[in-house]
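The primary structure of each chain is shown beneath.
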Amino acid sequence: MFTCDAFAVDGPDKTFHPFTFERRDPLDHDVDIEILYCGVCHSDLHTARSDWEGTIYPCVPGHEIVGKVRRVGKKVTRFKEGDTVGVGCMVNSCGTCDCCRAGLEQYCEKGNTLTYNSPDPETGKDRYTFGGYSKRIVVNDNFVLSVPENLDLAGAAPLLCAGITTYSPLRHWKAGKGMKVGVAGLGGLGHMAVKLAHAMGADVTMLTTSPSKEADARRLGAHHVVLTRDSENLAKAAKTLDLIIDTIAAKHNIDAYLNLLKVNGTLVQVGAPAEPLPVGVFNLITARRSLAGSCIGGIAETQEMLDFCGKHNITADIELIKAQEIDKAYERMLKSDVKYRFVIDMASF
Ligand code: NAP
Ligand code: ZN
């Protein structure tokens, strides 16, 4: 074991503080990573504040990790000291169920090991994983990604969650030329959805509550912007979209968004508010619409997304912060004041 510096939170209404804990030394298939940058996802906030309940404290969030390989276990062949690598939301899965064998580790039937706040069988029965708000992480090599060398490393960190969570449904529902894709919510996930859908060739409509983000939405790649607080705007945009990626982190009126779908359209919920979202079934029935959900993406697909971003030179638009500023970043995130992802600089520890 070795001592690792981190920032942790001790309860739903507590602030972050410096924290040290023990990480395992690399097992045969492990990669020991010196973390350089870690993105701040709204899921970190949901977990730190126990919005979804069940958070184990102290909690060290962080699942948008980019760093350099420091050491590798004896049986690791794909990585070596000095490589630039990433780690996303999962650090292990059973590897044998139908989902894992299909490259859908995010839906592992036995339950995967998440990067933080997850029971950690590899370190010990009663231990929970600690995430990327820390200086180092040790991860099974199957869950370590290669980060293309041409990408800015701080801007690449958010690809590991915000990037793959939007790339996966865009690919699954075949976003591309001729498809009209709406993106609801211009935050971390939403701005990646806009960039990725644009790069895939889709016609992109930004659905935002924030008039101040309109110009940015267009700069990021949206062809149209609908300000959703105005019902007239929503009426004008009714039945115009084939697919909506809904990234909204709070309770919202899902019917208002379903109405924007054409016949056979699909709304994919990736945003994860804690409260149930009521749905008027007639909005589904009268236009054969689908309401779907999607969880991050598998490991092979995450590598595919990173390579796609390398090819198209896509990274997140970020505000680099010090670890001491995490609480302030959370407060801004709650006010939808994110441009468009906070990333922690580990050199600030
Ligand atoms: P974020 O950066 O805070 O962005 C969320 C955006 O949603 C806001 O910027 C805002 O955009 C919009 N919004 C917020 N409150 C709203 C409201 N009451 N009504 C309408 N719009 C509202 O959050 P994020 O990191 O992108 O994460 C978004 C959600 O996805 C979170 O719930 C997170 O837990 C979840 N998530 C899910 C997965 C998955 O695998 N499915 C993975 C990662 C994250 P505008 O200002 O443009 O309106
Ligand atoms: Zn996330």
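This is a predicted model, so every value here is computed, not measured.

Quick notes on the rules
Residues numbered from 1 in each chain as written. Chains lettered and ligands numbered in written order. Predicted model: local features only at pLDDT ≥ 70, side-chain atom pairs only at ≥ 80, totals over all residues. Heavy atoms only, no water. Donors = N, O, S within 2.8 Å, 3.2 Å for Na, K, Ca; no water. Helix = DSSP H or I, 4+ residues; strand = E, 2+ residues; numbered from the N terminus. Buried < 20%, exposed > 50% of the residue type's maximum accessible area, 1.4 Å probe, protein only. UniProt positions renumbered as here; feature names shortened; annotations may be inferred. Expected span 1.5 Å × (residues − 1). Contact = heavy atoms within 4.5 Å. Near = heavy atom within 4 Å. Polar contact = N/O pair within 3.5 Å; in protein donor to acceptor, adjacent residues only side chain to side chain. Nonpolar A, V, L, I, M, F, W, Y, C, P; charged D, E, K, R; others polar. Pairing = 2+ DSSP bridges. Axes fitted to C-alpha atoms, helices over the stretch in contact; angles between N-to-C directions. Core = buried A, V, L, I, M, F, W, Y, C linked by side-chain atoms within 4.5 Å. Domains from an automatic or database assignment.

### Regarding the coordination of the zinc ion (ligand 2)
Alright, step 1. Note on the zinc ion (ligand 2): its protein donors are Cys41 (SG), His63 (NE2) and Cys161 (SG). The metal-donor distances range over 2.0 to 2.2 Å.
Alright, step 2. Sequence spacing among the residues donating to the zinc ion (ligand 2) works out to C-x21-H-x97-C. Placement of the pair is Cys41 in the loop between strand 3 (30–40) and helix 1 (42–48) and Cys161 in the loop between helix 3 (153–156) and helix 4 (162–172), with a sequence separation of 120 residues.
Alright, step 3. Residue Cys41 is classed as buried on the basis of its relative accessible area of 3%.

### Points about the UniProt feature "domain: Enoyl reductase (ER)" (unreviewed entry) in the protein
Alright, step 1. Mapped onto the present numbering, the UniProt feature "domain: Enoyl reductase (ER)" (unreviewed entry) falls on residues 11–344.
Alright, step 2. In residues 11–344, helix accounts for 25% and strand for 25%; the two terminal C-alpha atoms are 21 Å from one another.

### Some points on helix 10 (residues 299–312)
Alright, step 1. Relative to the 20 Å expected for 14 residues at 1.5 Å per residue, helix 10 spans 20 Å between its end C-alpha atoms, a close match to the ideal helical length.
Alright, step 2. Listed in full, the buried residues belonging to helix 10 are Ile299, Glu301, Thr302, Gln303, Met305, Leu306, Phe308, Cys309 and Gly310.
Alright, step 3. Tucked into the core, helix 10 has its buried residues touching strand 6 (90–92), strand 9 (145–146), helix 4 and helix 5 (188–199).
Alright, step 4. Asn313 occupies a position one or two residues after helix 10 and carries a positive phi of about 55 degrees.

### Quick word on unusual backbone geometry
Alright, step 1. With an omega of -5 degrees, the peptide bond between Tyr57 and Pro58 qualifies as cis.
Alright, step 2. Structurally, Pro58 is set in the loop between helix 1 and strand 4 (65–72).
Alright, step 3. A cis amide bond links Lys339 with the next residue in sequence, Tyr340, at an omega value of -15 degrees.
Alright, step 4. Position of Tyr340 relative to the elements: it lies in the loop between helix 11 (326–334) and strand 17 (341–345).
Alright, step 5. Phi is positive for Asn117, which is not a glycine, with a value near 60 degrees.
Alright, step 6. Examined against the element boundaries, Asn117 turns out to sit in the loop between strand 7 (113–114) and strand 8 (136–140).
Alright, step 7. In this model, Asn313 sits at a positive phi of 55 degrees, which is unusual for a non-glycine residue.
Alright, step 8. For Asn313, the location among the structural elements is in the loop between helix 10 and strand 16 (318–321).

### With respect to the site of ligand 1
Alright, step 1. Taken together, 30 residues lie near ligand 1, and Leu186, Thr208, Thr209, Ser210 and Arg341 sit nearest.
Alright, step 2. His42 has a polar side-chain atom sitting 2.7 Å from an oxygen atom of ligand 1.
Alright, step 3. Ala272 has a polar backbone atom sitting 2.9 Å from an oxygen atom of ligand 1.
Alright, step 4. Listed by contribution, the elements that provide at least two residues to the shell around ligand 1 are helix 1 and helix 5.
Alright, step 5. Ranked by the residues each element gives to the shell around ligand 1, the list is headed by helix 1, at three residues.
Alright, step 6. Of the residues contributing to the shell around ligand 1, the split by class is 13 nonpolar, 14 polar and three charged.

### Here's the deal with the sheet that holds strand 12 (residues 224–227)
Alright, step 1. Spatially, six strands are ordered 12-11-10-13-14-15 in an open sheet, and the strand pairing comes out parallel. The sheet is open, and its two borders are formed by strand 12 and strand 15 (290–293), each paired with just one other strand. Each neighbouring strand pair of the sheet contributes to a mean axis angle of 20 degrees, computed without reference to strand direction.
Alright, step 2. Alignment of strand 14 (residues 261–269) against strand 15, held across four bridges, turns out to be parallel. Bridging across to strand 15, Gln269 finds its partner in Gly293.
Alright, step 3. Running over the sheet, helix 4 touches strand 10 (180–184), strand 13 (241–246) and strand 14 and is turned about 155 degrees from strand 13.

### Quick word on the nonpolar core
In summary, soluble globular proteins display a tendency toward joint burial of nonpolar side chains.
Alright, step 1. By size, the foremost hydrophobic cluster in this structure holds 95 residues, and its most contacted members are Tyr133, Leu170 and Tyr330.
Alright, step 2. When we break this core down by domain, the ones giving at least three residues each are domain 1 (2–161 + 317–348) and domain 2 (162–293).
Alright, step 3. Counting 15 residues, the second largest nonpolar core, distinct from the first, contains Leu207, Leu234, Ala256 and Leu267.

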